Amino acid sequence: MFCCEEHIELALDMYVDEKEKAPKLEKIDEKSELSTTCELCDKLAIYVLED
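Here the structure is a predicted model, which means the values were calculated and not measured.

Analysis parameters
Residues numbered from 1 in each chain as written. Predicted model: local features only at pLDDT ≥ 70, side-chain atom pairs only at ≥ 80, totals over all residues. Heavy atoms only, no water. Helix = DSSP H or I, 4+ residues; strand = E, 2+ residues; numbered from the N terminus. Contact = heavy atoms within 4.5 Å. Core = buried A, V, L, I, M, F, W, Y, C linked by side-chain atoms within 4.5 Å. Buried < 20%, exposed > 50% of the residue type's maximum accessible area, 1.4 Å probe, protein only. Expected span 1.5 Å × (residues − 1). Arc of directions from axis to C-beta. Disulfide = S-S within 2.5 Å. Salt bridge = Lys/Arg side-chain N within 4 Å of Asp/Glu carboxyl O.

K.L.:
Please explain the side chain of histidine 7 as it appears in this structure.
P.N.:
Mapped onto the elements, histidine 7 comes out in the loop between β1 (2-3) and α1 (8-19). Once residues within four sequence positions are removed from consideration, histidine 7 is found in contact with Cys38, Leu40 and Cys41.

This is the structure we're talking about:
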C-alpha cells in the first residue's frame, strides 16, 4: 500500500485490521522517479507498507 504523510496513520490502521500483523514500513527515496500516488487521496506517496 502506498500512502502520503497525511494518511500514514490511517493506512497503518487499515493494514493491521486487514492483515492482523504490522507491516514493513519504508519511506520512498526522494531521488527515485516514482510517481505513485497515495491510495487514499491523489497526493504523491512517500511511504510504502508491505509484508
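Read on for the rest.
K.L.:
Where do I start with the nonpolar core in this structure?
P.N.:
The nonpolar side chains of a soluble globular protein tend to be buried, and buried together. Residues Cys3, Cys4, Ile8, Ala11, Tyr15, Cys38, Tyr47 and Leu49 constitute the largest nonpolar core, which totals 8 residues. Counting only elements with at least two residues in this core, the list comes to α1 and β3 (47-50). The leading source of residues in this core is α1, at 3 residues. Filtering out sequence-adjacent residues up to four positions away, leucine 49 remains in contact with Met1, Cys3, Ile8, Ala11, Leu12, Tyr15, Pro23, Lys24 and Leu25.

K.L.:
What exactly am I supposed to notice about α1 here?
P.N.:
One turn of the α-helix equals 3.6 residues, which is why residues spaced by three or four share an orientation. For α1, with 12 residues, the first-to-last C-alpha span of 16 Å sits near the 16 Å given by 1.5 Å per residue. For α1, the complete set of buried residues consists of Ile8, Ala11 and Tyr15. The arc enclosing the buried residues of α1, seen along the axis, measures out at 60 degrees, which places them on a common side. Opposite the buried face of α1, at more than 90 degrees from it, the exposed residues are Glu9 and Asp17. On the buried face of α1, the contacting elements are β1, β2 (24-27) and β3. Taken from the residues just after α1, glutamate 20 is the one with a positive phi, measuring 60 degrees.

K.L.:
What should I look at first to understand the state of the cysteines in this one?
P.N.:
Working definition: the covalent bond between the sulfur atoms of two cysteines is a disulfide. Following the criterion strictly, the structure yields 0 disulfides and no others. Left unpaired, cysteine 4 is separated from the closest cysteine sulfur, that of cysteine 41, by 3.8 Å. According to the relative accessible area criterion, cysteine 4 is buried, its value standing at 3%.

K.L.:
Explain the pattern of salt bridges here, please?
P.N.:
Side chains that differ in sign of charge can pair as their charged atoms come close. Inspection of the entire model under this criterion finds 3 salt bridges. With a shortest N-O distance of 2.4 Å, glutamate 6 and lysine 43 are connected by a salt bridge. Here lysine 43 lies in the loop between β2 and β3 and glutamate 6 lies in the loop between β1 and α1, a separation of 37 residues in the sequence. The salt bridge partner of aspartate 51 is lysine 21, with a shortest N-O separation of 4.0 Å. Separated by 30 residues along the polypeptide, aspartate 51 in the segment after β3 and lysine 21 in the loop between α1 and β2 bring together distant segments of the chain.

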